[in-house]
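Given next are the chains, with one letter for each unit.
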Amino acid sequence: HGSTKLILGLVFLSPLFLLFALKMLSNQRMKEIFLTWFFRNENIEYFDSRCKTFTEEVKGITRPLAMSKLEEYKKDGNIISVVSASPINWVKPWCDQYNIKCIATKLEIKEGRLTGKIVGNNCYGKEKVRRIKEHFTLESFNEIHAYGDSKGDKEMLAIASIKFYKPFLP
C-alpha cells in the first residue's frame, strides 16, 4: 500500500504498540488491529496474488544456513512443517515452493474481502502446539526437531525432543 499508509499506520497505531508492549493488549488483538488497518476490505484474490508475487520476487529474506538445514532434512526424507503466527496467505506460497506443510494464522474473509479478523486463534504460543497436534500424532515420531526465533515459539520448542532457539541469527 506504499510508504504513506505504512508511516500513517505506524503513527496511528503507536499508542497501541505501547499497550501491547505493556501486555495490556493481547497478541491476537494487536494483530487484528494491525491487519484491519492495513488490509480490511482488501479483495482476497488480489491479496493472495500479492502474497504469491512477494514470495517469487523478494530474495534475500531467507537465511542461508536455515535453507541448507532445510535441504538436509528434505534429503533425509523427514516430514517438515513451518508453523507460523503470520497469515497463511503469505507463508504458504513460500512453503509450496519447497513442498513443505504450512500451519499458520488464518484470516477471516467475508464476501471475498479480508475483514482484518483472525479465524479462531492466532497461531502463537500454545496455539502452535494445539495446531501441531491437530495435524500430527506426535507419539508416532522417534524425534521431533523444532526451530524457533521468538517468544511465541517457547511452547512449541517445549514439545520437541531436539530444540533450537535462534540458531540461524547472527
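This text follows the structure it describes.
Report on the accompanying structure. (Residues numbered from 1 in each chain as written. Predicted model: local features only at pLDDT ≥ 70, side-chain atom pairs only at ≥ 80, totals over all residues. Heavy atoms only, no water.)

### Comments concerning the state of the cysteines
- This model, assessed by the stated rule, comprises 0 disulfides.
- The closest cysteine sulfur to the non-disulfide-bonded Cys-95 is located on Cys-102, 4.0 Å from its own sulfur.
- Here Cys-123 stays free of any disulfide, with the sulfur of Cys-102 as its closest cysteine sulfur at 8.7 Å.
- We classify Cys-123 as buried; its relative accessible area is 0%. (Disulfide = S-S within 2.5 Å. Buried < 20%, exposed > 50% of the residue type's maximum accessible area, 1.4 Å probe, protein only.)

### Section: helix 6 (residues 126-135)
- For helix 6, the full list of buried residues reads Glu-127, Lys-128, Val-129, Arg-131 and Ile-132.
- Each element contacted by the buried residues of helix 6 is listed here: strand 1 (81-87), strand 2 (101-110), strand 3 (113-119) and helix 7 (154-158). (Helix = DSSP H or I, 4+ residues; strand = E, 2+ residues; numbered from the N terminus. Contact = heavy atoms within 4.5 Å.)

### Digging into the sheet that holds strand 3
- Reading across the sheet, the 3 strands line up as 1-2-3 and stay open at both edges, with mixed pairing between neighbours. Strands with a single pairing partner mark the edges of an open sheet, and in this sheet they are strand 1 and strand 3. For this sheet the average axis-to-axis angle between neighbouring strands, irrespective of direction, equals 40°.
- Direction of pairing for strand 1 relative to strand 2: parallel, over a ladder of 5 bridges. Residue pairing in the sheet places Val-83 in a bridge with Ile-103 of strand 2.
- Helix 2 (residues 27-39) contacts strand 1, strand 2 and strand 3 of the sheet and is inclined by roughly 175° relative to strand 3.
- Its contacts with the sheet put helix 5 (residues 88-97) on strand 1 and strand 2, and the angle it makes with strand 1 is roughly 150°. (Pairing = 2+ DSSP bridges. Axes fitted to C-alpha atoms, helices over the stretch in contact; angles between N-to-C directions.)

### Some points on the nonpolar core
- Ranked by size, the top nonpolar core spans 13 residues in total, and within it Leu-35, Phe-39, Phe-47, Leu-107 and Leu-114 carry the most contacts.
- Of all elements in the fold, only helix 2, helix 3 (44-57) and strand 3 reach the threshold of two or more residues within this core.
- When sequence neighbours within four positions are dropped, the list of residues in contact with Leu-35 reads Arg-40, Pro-87, Trp-90, Leu-107, Gly-116 and Ile-118.
- If you look at the next biggest cluster of nonpolar residues, it comprises 9 residues, including Met-67, Leu-70, Ile-100 and Ala-104. (Core = buried A, V, L, I, M, F, W, Y, C linked by side-chain atoms within 4.5 Å.)

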